[in-house]
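Residue-level listing of the chains:
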Amino acid sequence: QVQLVESGGGLVQAGGSLRLSCAASGSILSIYGMIWYRQAPGKQRELVAGITQGGSTNYADSVKGRFTISTDNAKNTVYLQMNSLKPEDTAVYYCNFKVRRSIIDRMENYWGQGTQVTVSS
């Protein structure tokens, strides 16, 4: 099995910064992509930022220029550096890894447990 553990959420004032981490453990052959999603109360889950195995990144328009996704491949970890935070960034943030566990397995999706980010005005 593969487990994802998130950390780094919390309460911050508008304009502040937070850094989220998501580390994968278990039987992993390859990680094809790592994505951060978020879900605010009463809203659908939305993609925040993603990074491919090759290092290509994409961001939601609402976070471009403020958030940066990065990885430590040796540690199977993805980070989300969030700067200039706004109250509308308040949400539960989830990491998602697209993992192939072995040569005989297909790629599967794994999710972190979620971490709360609250930005006060």
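Residues numbered from 1 in each chain as written. Predicted model: local features only at pLDDT ≥ 70, side-chain atom pairs only at ≥ 80, totals over all residues. Heavy atoms only, no water.

1. Here we look at the sheet that holds strand β8 (residues 77-82)
- A sheet is described by the order of its strands in space; here four strands give the open sequence β1-β3-β8-β7, paired in antiparallel fashion. This sheet does not close on itself; its edge strands, each paired only once, are β1 (2-7) and β7 (67-72). Shown here is a sheet whose adjacent strand axes are inclined to one another by a mean of 15°, direction ignored.
- Note: strand β3 (residues 18-26) against β8, six bridges, orientation antiparallel. For Ser 21, the partnering residue across the bridge sits in β8 and is Tyr 79. (Pairing = 2+ DSSP bridges. Helix = DSSP H or I, 4+ residues; strand = E, 2+ residues; numbered from the N terminus. Axes fitted to C-alpha atoms, helices over the stretch in contact; angles between N-to-C directions.)

2. Brief notes about the pattern of salt bridges
- For the coordinates displayed, the defined rule picks out six salt bridges.
- With its nearest N and O atoms 2.6 Å apart, the salt bridge here joins Glu 46 to Arg 38.
- The salt bridge involving Glu 108 is made with Arg 101; its shortest N-O contact spans 3.4 Å.
- Classification of Glu 108 by relative accessible area gives partly exposed; the value is 33%. (Salt bridge = Lys/Arg side-chain N within 4 Å of Asp/Glu carboxyl O. Buried < 20%, exposed > 50% of the residue type's maximum accessible area, 1.4 Å probe, protein only.)

3. Re the packing of aromatic side chains
- Applying the stated criterion across every chain, the model contains one aromatic pair.
- Geometrically, the ring pair formed by Tyr 37 and Trp 111 is tilted, given 5.2 Å between the ring centres and 45° between the ring planes. In this pair, Tyr 37 is assigned in strand β4 (residues 30-39) and Trp 111 in strand β10 (residues 107-111), connecting sequence segments 74 residues apart.
- What makes Trp 111 partly exposed here is its relative accessible area of 39%.
- Stacked on the ring of Tyr 79, the Lys or Arg Arg 19 has its end atom at 4.0 Å from the ring centre.
- The ring of Trp 111 carries Arg 45 above its face, with NZ or CZ at 4.8 Å from the centroid. (Phe/Tyr/Trp six-rings, centres within 6.5 Å; stacked < 30°, edge-to-face > 60°. Lys NZ or Arg CZ within 6 Å of the ring centre and 35° of its normal.)

4. Looking at the side chain of Glu 6
- Its location among the elements puts Glu 6 in strand β1.
- There is no salt bridge for the buried Glu 6, and the closest opposite charge comes from Arg 45, which lies 8.0 Å off by N-O distance.
- Polar contacts involving the side chain of Glu 6 include one to the main-chain amide nitrogen of Cys 95, which spans 3.0 Å.
- Here Gly 114 takes part through its backbone nitrogen, which lies 3.1 Å from a polar atom of the side chain of Glu 6.
- With residues near it in sequence (within four places) discarded, Glu 6 still touches Ser 21, Cys 22, Trp 36, Tyr 93, Tyr 94, Cys 95, Gly 112, Gln 113, Gly 114 and Thr 115. (Lys, Arg positive; Asp, Glu negative; His and termini not counted. Polar contact = N/O pair within 3.5 Å; in protein donor to acceptor, adjacent residues only side chain to side chain. Contact = heavy atoms within 4.5 Å.)

5. Here's the deal with the state of the cysteines
- Overall, the coordinates contain one disulfide when judged by the stated rule.
- Between the sulfur of Cys 22 and that of Cys 95 lies a disulfide, 1.9 Å long from S to S. Looking down the S-S bond of the Cys 22 and Cys 95 bridge, the torsion is 55°, so its handedness is right-handed. With Cys 22 in strand β3 and Cys 95 in strand β9 (residues 91-100), the pair connects residues that are 73 residues apart, well separated along the chain. Across this residue pair, the class does not change: Cys 22 and Cys 95 are buried. (Disulfide = S-S within 2.5 Å.)

On their own, these measurements won't tell you what the molecule is for.
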